[in-house]
Amino acid sequence: MQSNPMYHKEKTDNFGTNSQGWNFHNSYVKLPSSFFACLDPVQVSSSKIVVFNSSLARFLGLNPDELESDKGAAIFSGNQLPENAEPLAMAYSGHQFGYFTVLGDGRAILLGEQITPQGERFDIQLKGSGRTPFSRGGDGRAALVPMLREYIISEAMYYLRIPTTRALAVVTTGENVMRQTLLPGAILTRVASSHIRVGTFEAAACQGGVEDVKVLAEYTINRHFPDLKSEANPCLALLQAAVSSQASLVAKWQCVGFIHGVMNTDNMALSGETIDYGPCAFMDSYDPATVFSSIDQQGRYSYGNQPRICQWNLTRFAETLLPLISKNENEAIKKATRVLESFPEIFESFWLDGMKRKLGMSGVEKEDPELIEGLLSLMQKHRADFTNTFRNLHLKKLPDDPLFHDQAFAVWHGEWMNRLKSQSLSINESHAIMDKNNPAVIPRNHRVEEALETAESKGDYSVMHRLMSVLAKPFEDNSQSSHYRMPPGPEFASYQTFCGT
Ligand code: AMP
Ligand code: MG
């Protein structure tokens, strides 16, 4: 702990952190010291929990009654360490918008790895916890609104059944952070299967060399892909596993219209979880060129580019593994290239499966991709709402949208109905599949903004809690959800998001 007498009292009180359910068994800290810097979170002046995720706490084996309290606020602000915490900031690099940069946890501290009652391991990380040796020019802090936004969207992703880091709590720090104006500071407690990124491998390769990459690859295989240990070429198998899990993840994003917004290699986790909710947003009107991030001027990370960028990032990952795939460089490149070239086909297969479920289609017909693309191009022509179009498609009376009045849509609909009738499922069974795979509710930008604005300006979290309760059941359509199903008005047509806030 940094010694600041002002915080002496909160630090030394014996809160009995173990009654809170902490069960840290830390493995990352046992890696060579080049992988991280050990340091405590920087203390804050006063900490207050503003949102707390009781169900996630219970899943982790933590005691919500103990933690949703001043004692919890002290932990989630970094003022008090849980039992057996070994705080550290992770070293990593990354290609940001195509350019290599040395990065690292500039405003995050890994407290430790919680072992759940089911024996699973999760990183417990504070984000916004003060400066670290990797902070470069940054203040190490985070503002309240972006932390709440990450809380809302990451939890929404979880309930949409998309692999993701999760959010356990947001605390305010009682301190302001300077952005364009002074903003209230906050810390998010992020829960992740791990924080190993493609950028972690890039840092190992660049700074430590092949020995460090070997250690990290072994660690990653042990932690995320233990079945690969016995493979003849474990690093090639690791690359293959990453290709598959990232293809699966991005296919899931595409199926709900999620745009990550900053798919830099430091924001791609080897766990296969969505990580870093800075400038992300969900698309309303369907257009593959959609971009929300204010800094993504070229559309590098547009909705339609996400699969291609994923493959590009995986190529950076492969480069770090080459010396371990084969001692003969040409041989290594040949093997890695073959794996990387399998990406489009693997992605397409996950995507097709997901889209077919969205359309209630089972079995395989060679016209399926064409049928799906046919609908998408009509949706694009009419700027149809991505979520609602799929959700409404099977209604007896289609809503009064331009798409549904298009003669070309009537033709498409006839072909789709023929496809459904030709399969072994009844029409009702197909519709049930559609309802299970097309969310009625997503975290629409205007609803998220409304919740954030009320929380920030009035300290009133009721709008956010109502939104969260609907997002926790995204496939349910009821009177409560109808308010959240409506697309935004035209004033949201130029909605923009921001990173690093
Ligand atoms: P991100 O845009 O969140 O993916 O962050 C990219 C890099 O910038 C990471 O190394 C972060 O730790 C660092 N970073 C972002 N915000 C801050 C901040 N306020 N202070 C220090 N480092 C930061
Ligand atoms: Mg990041």
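Residues numbered from 1 in each chain as written. Chains lettered and ligands numbered in written order. Predicted model: local features only at pLDDT ≥ 70, side-chain atom pairs only at ≥ 80, totals over all residues. Heavy atoms only, no water.

**With respect to the coordination of the magnesium ion (ligand 2)**
Filter applied, for reference: In this description, a donor is an N, O or S atom within 2.8 Å of the metal centre, a cutoff extended to 3.2 Å for sodium, potassium and calcium. Water is not part of the atom list, which can make sites seem incomplete. Only protein chains enter the accessibility calculation, which uses a 1.4 Å probe; a residue is then buried when its area is under 20% of its type maximum, exposed when over 50%, and partly exposed in between.
Donor atoms from the polypeptide that coordinate the magnesium ion (ligand 2) comprise Asn-267 (OD1) and Asp-276 (OD), at 2.0 to 2.2 Å from the metal. We classify Asn-267 as buried; its relative accessible area is 9%.

**A few points about the domain arrangement of the chain**
Spelled out, the test is: Domain start and stop points were drawn from an automatic or database domain assignment. By definition in these notes, contact holds between two residues if any of their heavy atoms fall within 4.5 Å. Buried area: the sum, over both parts, of the accessible surface (1.4 Å probe) that disappears when the two are put together. The definition of a polar contact used here is a pair of N or O atoms within 3.5 Å, where within protein one atom must be able to donate a hydrogen and the other to accept one, and adjacent residues in sequence count solely through side-chain atom pairs. Per the convention used, a helix needs a DSSP run of H or I reaching at least four residues, while a strand needs a run of E reaching at least two, with both numbered from the N terminus. Amino acids outside the nonpolar list (Ala, Val, Leu, Ile, Met, Phe, Trp, Tyr, Cys, Pro) and the charged list (Asp, Glu, Lys, Arg) are all regarded as polar, and Gly is one of them.
Domains assigned within the chain are domain 1 (28–195), domain 2 (199–269 + 308–346) and domain 3 (359–501). If you average the C-alpha positions of domain 1 and of domain 3, the two centres end up 32 Å apart. Listed per partner, the contact involves 20 residues of domain 1 and 25 residues of domain 3. Taken over both partners, the interface formed by domain 1 and domain 3 buries close to 1800 Å², and the fraction arising from carbon and sulfur atoms is 73%. Its largest share of buried area at the contact with domain 3, domain 1 owes to Arg-149, Ile-152 and Leu-160, together 31% of the area lost on that side. For the pair domain 1 and domain 3, the interface holds 2 residue pairs in polar contact (both at pLDDT 80 or more). For the side of domain 1 that touches domain 3, the elements supplying multiple residues, two or more each, are strand E2 (48–52), strand E8 (142–143), helix H5 (144–159) and strand E10 (182–192). Top element by residues in the side of domain 1 that touches domain 3 is H5. It accounts for 10 residues. Classifying every residue of the side of domain 1 that touches domain 3 by side-chain character gives 15 nonpolar, no polar and 5 charged.

**Remarks on the site of ligand 1**
Note the cut-off: If even one non-hydrogen atom of a residue comes within 4 Å of a molecule or strand, that residue is called near it.
In the vicinity of ligand 1 lie 17 residues, with Gly-104, Gly-106, Asp-139, Gly-140 and Asp-276 positioned nearest. Taking Asp-139, its side chain carries an N or O atom lying 2.9 Å from a nitrogen atom of ligand 1. Between ligand 1 and the protein, one listed contact pairs an oxygen atom with a side-chain N or O atom of Asn-267 at 3.3 Å. For the shell around ligand 1, a count of residues per class yields 2 nonpolar, 7 polar and 8 charged.

**Details of the packing of aromatic side chains**
Which entries qualify depends on this criterion: Only the six-membered ring of Trp is used, alongside the rings of Phe and Tyr, when aromatic pairs are assigned; centres must lie within 6.5 Å, and planes under 30 degrees apart are stacked while those over 60 apart are edge-to-face, with the rest tilted.
Enumeration according to the criterion identifies 22 aromatic pairs in this entry. Judged by centre distance (5.5 Å) and plane angle (80 degrees), the ring pair of Tyr-28 and Tyr-219 falls under edge-to-face. Taken together, the residues Tyr-28 in the loop between helix H1 (8–12) and strand E1 (36–38) and Tyr-219 in helix H7 (residues 210–224) connect sequence positions 191 residues apart. Comparing Tyr-28 with Tyr-219 shows no difference in burial state: the two are buried. Ring geometry for Phe-409 against Trp-412: centres 5.9 Å apart, planes inclined by 25 degrees, an arrangement best described as stacked. Of this pair, Phe-409 and Trp-412 are both found in helix H15 (residues 407–421), 3 residues apart, which corresponds to roughly one turn of the helix. What makes Phe-409 buried here is its relative accessible area of 2%. One aromatic cluster is present, built from ring pairs that chain together Trp-22, Phe-24, Phe-52 and Phe-76.

**Description of the pairing of strand E4 (residues 93–96)**
Threshold: By definition, two strands form a pair when at least two bridges between them are found by DSSP.
In this structure, E4 lies alongside strand E5 (residues 99–102), joined through 4 bridges in antiparallel fashion. Note that in E5 the partner of Gly-94 across the bridge is Thr-101. Hairpin connection from E4 to E5: 2 residues lie between these consecutive antiparallel strands, with Phe-97 at a positive phi of about 50 degrees.

**A closer look at empty space enclosed by the protein**
Counted only if it meets this: Put simply, the grid is 1 Å and covers the protein atoms alone, a cavity is a trapped set of points that fit a 1.4 Å probe, a pocket is an open set with protein on both sides within 12 Å along at least five of seven lines, and lining residues have an atom within 4 Å of a point. Grid points are joined across faces, edges and corners, and a volume is the space filled by probe spheres set on the points.
Within this structure, the stated rule accounts for 3 cavities of 30 Å³ or more. In this model, the largest cavity occupies a volume close to 80 Å³. Along its surface, the largest cavity is lined by 13 residues, and Gln-246, Leu-249, Trp-253, Asn-267 and Met-268 are the ones closest to its centre. For the lining of the largest cavity, the leading source of residues is helix H8 (residues 234–256), giving 3 residues. Classifying every residue of the lining of the largest cavity gives 6 nonpolar, 6 polar and 1 charged.

**Digging into the nonpolar core**
To be explicit about the condition: As used here, the term nonpolar core means buried Ala, Val, Leu, Ile, Met, Phe, Trp, Tyr and Cys residues forming a set that is joined through side-chain atoms within 4.5 Å.
Membership of the largest hydrophobic core comes to 91 residues, with the highest contact counts inside it found for Tyr-28, Phe-201, Leu-239 and Leu-321. When residues in this core are grouped by element, the largest group, 15 residues, is from H8. Sequence-distant contacts of Leu-239, that is, excluding residues within four places in its chain, are made with Leu-314, Phe-317, Ala-318, Leu-321, Ile-325, Ala-336, Val-339 and Leu-340. Counting residues in each nonpolar core, the second largest holds 29 residues, with Ala-37, Leu-56, Ile-75 and Val-171 among its members.

**Some points on H8**
To keep it simple, the criterion reads: To estimate the expected span of a helix, count its residues, drop one, and scale the result by 1.5 Å.
Under the 1.5 Å per step criterion, the end-to-end length of H8 is 33 Å for 23 residues, consistent within 8% with the ideal 33 Å. The buried fraction of H8 is high, at 18 of 23 residues. Of the residues one or two after H8, Gly-257 is the one with positive phi, at around 75 degrees.

**A word on the side chain of Thr-454**
With respect to the helices, strands and loops of the structure, Thr-454 is situated in helix H17 (residues 445–458). A distance of 2.6 Å separates a polar atom in the side chain of Thr-454 from the backbone oxygen of Glu-450. Dropping the residues within four chain positions of it, Thr-454 is found in contact with Gly-459, Asp-460 and Val-463.

**Comments concerning the pattern of salt bridges**
Test applied: Salt bridges are defined as contacts in which a side-chain nitrogen from Lys or Arg sits within 4 Å of a carboxyl oxygen from Asp or Glu.
Summed over the entire model, instances satisfying the criterion amount to 20 salt bridges. A salt bridge links Arg-121 to Glu-113, with the nearest nitrogen and oxygen atoms 2.7 Å apart. Look at Arg-121 and you get partly exposed, because its relative accessible area is 30%. Judged by relative accessible area, which is 1%, Glu-113 ranks as buried. A cluster of three or more residues bridged by salt bridges with shared partners is formed by Glu-113, Arg-121, Asp-123 and Arg-223.

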